[in-house]
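Residue strings, one per chain:
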Amino acid sequence: MTRADDAILEFLLNEGNEPLVANPATVEANIDYKISHVRRRLRALQEGGLVDYYNKDRGLYQITDKGQNYLTGEINSDEL
């Protein structure tokens, strides 16, 4: 897991509100990483089961229960 992974997951979790559905450009506009890096990390997070497509055709991602469990500390990075 990288700092970018944490930033992406925290953005999608949208703490205190309903989790967000976003495309890579929206994520990039709200965190401090370039779009190419965001895309790469979203693919890695998807492979790890931490995010998944909300709508694949539109390129929209959402955080999964596993991603939320990681952020709350129920799953640590060694388990991923």
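For the structure itself, look to the data block above.
Calculation rules
- Residues numbered from 1 in each chain as written.
- Predicted model: local features only at pLDDT ≥ 70, side-chain atom pairs only at ≥ 80, totals over all residues.
- Heavy atoms only, no water.
- Helix = DSSP H or I, 4+ residues; strand = E, 2+ residues; numbered from the N terminus.
- Buried < 20%, exposed > 50% of the residue type's maximum accessible area, 1.4 Å probe, protein only.
- Contact = heavy atoms within 4.5 Å.
- Core = buried A, V, L, I, M, F, W, Y, C linked by side-chain atoms within 4.5 Å.

1. Here we look at the side chain of T64
Tracing the chain through its elements places T64 in the loop between β3 (60–63) and α4 (65–71). Taking the relative accessible area as the measure of exposure, T64 reaches 18% and is therefore buried. Beyond its immediate chain neighbours, meaning those up to four positions away, T64 contacts G49, L50, V51 and D52.

2. Structural notes on the nonpolar core
In terms of nonpolar packing, the biggest core is built from 17 residues, with I8, L9, L12, V27, I31, L42 and V51 touching the most fellow members. Looking at this core, the elements that each hand over two or more residues are α1 (3–13), α3 (35–47) and β3. For this core, the leading source of residues is α1, giving six residues. Leaving out residues up to four positions away in the same chain, L9 has contacts with M1, L45, L50, V51, I63, Y70 and L71.

In short, geometric facts, not functional conclusions.
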